[in-house]
Amino acid sequence: MINFVEAQIDNFFKNDVLDFRHFPEKEIADYFSSKYNHIMDVSKISSPKLKNELKDFIKLIFTGKASMTYTSRYICELLYFLDYVKDLNLTSIFDFSCDEMRENYLIYRHIKDESTAKRLVNALYFHLTELYDTRTGFDRDIWVLKNFKIEEIRLNPTSKIDNISFIFIESLENRELLKKYIKYLVSCTEYSLSTIVNILSICGSFSNHVETSILEVTEEDCKKYFDKVNKITKRSDVYNKHVAAVSNFMNYLIIQNIYQKRNPVTNAHSHININKQLFQILLSSRFLINCICFHLCLEQCMY
């Protein structure tokens, strides 16, 4: 059966000048009837692909499929963003990474750390990535956790983690490698989701720092990254977590015969004074390898 309202909404978004006083759903049309920001104009954007991407994002908002609503403060910010994008020589929004777009947009707006602007750009990339990704399950760049069978004991109700996103990892090759590792952690360990997300954040940060394939990373690359972490945190516990997370990731790739060299983390940390007792517990190679080998035999249980 044809849903006439949906058909009307589809026709509405075929326009390049969107006047929401005439939106097919009366509640939305009435809301914008007295608003000054009732028009969103993408007609001056030269790239058809970019134009459609922006309209798709707007449509997600106005059909209740985005993390923001048409009554939120993000609508005003979106008007600024549309004005900004029209002057960029882009074919697609994905010509820039999310981080690049966010940084450039904040400069354009003359603001250093404004949460509304930052969250708008993050939401734009998140929702469009989710919308356009035709892959399924663990192959996707955003894993919606309700689609996976995860034990309730591993969920922290206060953290409100409902997805695991890989879109912040700039290298597509490294992104796929980290998907393999995080899939292993989700499927074959008992780590909580918050722990897994923290591990992904560290390993993703490492990937973006080295600016090369993880398969080509060297001991020197690791030293530079750990130096950076040490200068920023000044805390041995945080430093140890970074070293352990990256080392465990590299050990996984070695065991899987993906990384063909010696673990580059092994000697990369020795020039910094850290809590050696804790570090040995975290990085005991025999312990790690035994655990990984044990869990690898369970791969047939993966989703």
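The structure under discussion appears in the preceding block.
Owing to the predicted nature of the structure, the values given are computational and were not obtained by experimental measurement.

Draft legend 1. Region of the structure containing the layout of surface pockets. In this structure, the second largest pocket occupies an estimated 500 Å³ of space. Contributing elements (two or more residues each) for the lining of the second largest pocket: α5 (98-108) and α6 (115-132). With seven residues, α6 is the largest single contributor of residues to the lining of the second largest pocket. In terms of residue class, the lining of the second largest pocket is made up of ten nonpolar, four polar and five charged.

Draft legend 2. Structural context of a negative patch on the surface. Negative charge collects at one region of the surface, where Glu100, Glu103, Glu170 and Glu211 lie side by side. Tracing the sequence through the fold places glutamate 170 in the loop between β4 (163-165) and α7 (172-188).

Draft legend 3. Seen up close, unusual backbone geometry. Although it is not a glycine, glutamate 211 adopts a positive phi angle of roughly 55 degrees. Note that glutamate 211 resides in the loop between α8 (193-210) and α9 (219-233). The phi torsion at asparagine 257 lies on the positive side, around 65 degrees, for a residue other than glycine. In this structure, asparagine 257 sits in the loop between α10 (236-255) and α11 (276-283). Accessibility expressed as a relative area gives 52% for asparagine 257, which makes it exposed.

Draft legend 4. Spotlight on the nonpolar core. Within the largest apolar cluster, 43 residues are counted, with the highest numbers of intra-cluster contacts made by Phe13, Phe20, Phe57, Ile58, Phe62 and Phe81. Among the elements of the structure, α1 (4-12), α2 (26-32), α3 (48-62), α4 (74-85), α5 and α6 are those that each provide at least two residues to this core. Beyond its immediate stretch of four places on either side in the chain, phenylalanine 20 contacts Phe12, Phe13, Ile28, Ala29, Phe32, His38, Met40, Ile58 and Phe62. Judged by nonpolar contacts, the second largest core, of 41 residues, contains Leu185, Ile196, Ile202 and Tyr259.

Rules used throughout
Residues numbered from 1 in each chain as written. Predicted model: local features only at pLDDT ≥ 70, side-chain atom pairs only at ≥ 80, totals over all residues. Heavy atoms only, no water. 1 Å grid on protein atoms, 1.4 Å probe; cavity = no way out; pocket = protein on both sides within 12 Å on 5 of 7 lines; lining within 4 Å. Points joined across faces, edges and corners; volume = space filled by probe spheres on them. Helix = DSSP H or I, 4+ residues; strand = E, 2+ residues; numbered from the N terminus. Nonpolar A, V, L, I, M, F, W, Y, C, P; charged D, E, K, R; others polar. Patch = residues over 30% accessible without salt bridge, like charges linked within 9 Å, V, L, I, M, F, W, Y side chains within 5 Å. Areas by Shrake-Rupley, 256 points an atom, 1.4 Å probe, with all protein chains shown as cover. Salt bridge = Lys/Arg side-chain N within 4 Å of Asp/Glu carboxyl O. Lys, Arg positive; Asp, Glu negative; His and termini not counted. Charge placed at Lys NZ, Arg CZ, Asp CG, Glu CD. Buried < 20%, exposed > 50% of the residue type's maximum accessible area, 1.4 Å probe, protein only. Core = buried A, V, L, I, M, F, W, Y, C linked by side-chain atoms within 4.5 Å. Contact = heavy atoms within 4.5 Å.

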